[in-house]
Amino acid sequence: MNCIFVAKKPLFISSNAYLSQLKKRDKVKKAGFSGILDPFACGTLIIAYGGYTRLFTFLDKNPKVYQATLWLGLESDTLDIEGIKKIHNIKRFKEERLESLLQSFCGKVSFIPPKYSAKKINGKKAYEIARSGGKVVLKAQEMEVFKIEFLNYSHPFLSFKVWVSEGSYIRSLGELIARELDCFGSLSYLERLSEGGLVYQNEKKLNPLDILPFPIIKCQENLKEAVFNGKRISKEDLKIYKEGKYIVKFEEFFSIILYQEKNIEYLVNRISLC
């Protein structure tokens, strides 16, 4: 079965465990998801079955939109409510200061991913090393905050909505916000609302041609056999003259190609249309 849809992961279950539930429910063997969610987080998870799992790398997943609540004064190893060490009593802040502080994070932000994350160190996941008592050393990286919106402040809980680039860690962003306030801070709630404009719609099946960000070339039937078998074709065959990625579409299947330096390369071939 080939299909792609947006699911809604519940709280306190890993993305992999949730995917296993969906595979069992729908009786499918090959499945995957795009953009892992922490167990304590909930929200949108793009799910694909069958051959459509090959499309994940081609989806435009920017921006990712989250709603989060930061518990100011909460000290946690995991930067969320799963690894609580201590709750510190802190002073109340003025809302104006918090709103201004949030806006200061718009743009490029340097951060260190949480040690309890799926980032890999020498082939091993950081959280596996941390749980076994090993030392976790992660390099600083960059996220882009496109937009951030103050939602509510009910001391010590600060809620906000944020639009970020792929690869961002909202737990790390929360830690940075708290650091500017000279206190500890960890997330008490995190929900992903959308990925690249894709939102949860009761697991409505999506047409891949509608969500892939490439021009579509509807091909003549005389090219069908050549494309199906991955044979060489020319830009004249497809009538393309600008470099880039394209979808080559036939009635039963489509392929994604790259036209570059006068050559055409098959990136993904023979994806069945359902």
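The rules we used
- Residues numbered from 1 in each chain as written.
- Predicted model: local features only at pLDDT ≥ 70, side-chain atom pairs only at ≥ 80, totals over all residues.
- Heavy atoms only, no water.
- UniProt positions renumbered as here; feature names shortened; annotations may be inferred.
- Helix = DSSP H or I, 4+ residues; strand = E, 2+ residues; numbered from the N terminus.
- Pairing = 2+ DSSP bridges.
- Axes fitted to C-alpha atoms, helices over the stretch in contact; angles between N-to-C directions.
- Buried < 20%, exposed > 50% of the residue type's maximum accessible area, 1.4 Å probe, protein only.
- Arc of directions from axis to C-beta.
- Contact = heavy atoms within 4.5 Å.
- Salt bridge = Lys/Arg side-chain N within 4 Å of Asp/Glu carboxyl O.
- Core = buried A, V, L, I, M, F, W, Y, C linked by side-chain atoms within 4.5 Å.

By the naming in an unreviewed UniProt entry, the protein chain is tRNA pseudouridine synthase B, taken from Helicobacter apodemus. What the UniProt record of the protein chain gives under Catalytic activity (unreviewed entry) is the line "uridine(55) in tRNA = pseudouridine(55) in tRNA". UniProt's Function (unreviewed entry) comment on the protein chain is quoted here verbatim: "Responsible for synthesis of pseudouridine from uracil-55 in the psi GC loop of transfer RNAs."

The next subject is the UniProt feature "domain: Pseudouridine synthase II N-terminal" (unreviewed entry) in the protein chain. The residues that UniProt annotates with the feature "domain: Pseudouridine synthase II N-terminal" (unreviewed entry) are residues 24-170. This span, residues 24-170, is 13% helix and 40% strand, and a straight line between its end C-alpha atoms measures 31 Å.

A separate point is the UniProt feature "transmembrane region" (unreviewed entry) in the protein chain. Mapped onto this numbering, the UniProt entry gives "transmembrane region" (unreviewed entry) at residues 31-52. Here residues 31-52 runs as 0% helix and 55% strand, with 9 Å between its end C-alpha atoms.

Strand order in the open sheet formed by 4 strands is β13-β14-β15-β16, with mixed pairing between adjacent strands. Each edge of the open sheet carries a strand with a single partner, namely β13 (216-218) and β16 (263-272). Each neighbouring strand pair of the sheet contributes to a mean axis angle of 25°, computed without reference to strand direction. Two elements, β13 and strand β14 (residues 244-249), share 3 bridges in a ladder whose sense is parallel. Residue pairing for β14: I216 is matched across the bridge by I247.

Okay, helix α2 (residues 95-103) next. All of the buried residues along α2 are L98, L101 and L102. Projected down its long axis, α2 carries its buried residues within an arc of 100°, all on one side. On its buried face, α2 sits against β10 (141-154), β11 (157-164) and α4 (170-180).

On to the pattern of salt bridges. According to the stated counting rule, one finds 13 salt bridges in the structure shown. A salt bridge links E191 to K8; the shortest N-O distance between them is 3.9 Å. Remark: K8 occurs in strand β1 (residues 3-9) and E191 occurs in strand β12 (residues 185-195); sequence separation between them is 183 residues. Exposure remark for E191: the relative accessible area of 15% places this residue in the buried category. For K8, a relative accessible area of 41% corresponds to the partly exposed category. When the shortest N-O distance is used, the salt bridge between K64 and E195 registers 3.0 Å. Taken together, the residues K64 in strand β4 (residues 64-72) and E195 in strand β12 connect sequence positions 131 residues apart. Taken together, the shared-partner salt bridges connect R25, D26 and E203 into one network.

Moving on, we get to the nonpolar core. I47, F160, V162, I170 and I177 are the most contacted members of the largest nonpolar core, which has 45 residues in total. The residues contacting I170, other than those within four sequence positions of it, are Y66, A68, F160, V162, V164, L187 and L190.

Before going further, it helps to examine the environment of Y127. Assignment of secondary structure puts Y127 in helix α3 (residues 126-131). Taking the C-alpha atoms as reference points, Y127 and T44, separated by 83 residues in sequence, lie 22 Å from one another. Residues within four places of Y127 in sequence aside, it is in contact with K115, Y116, S117 and A118.

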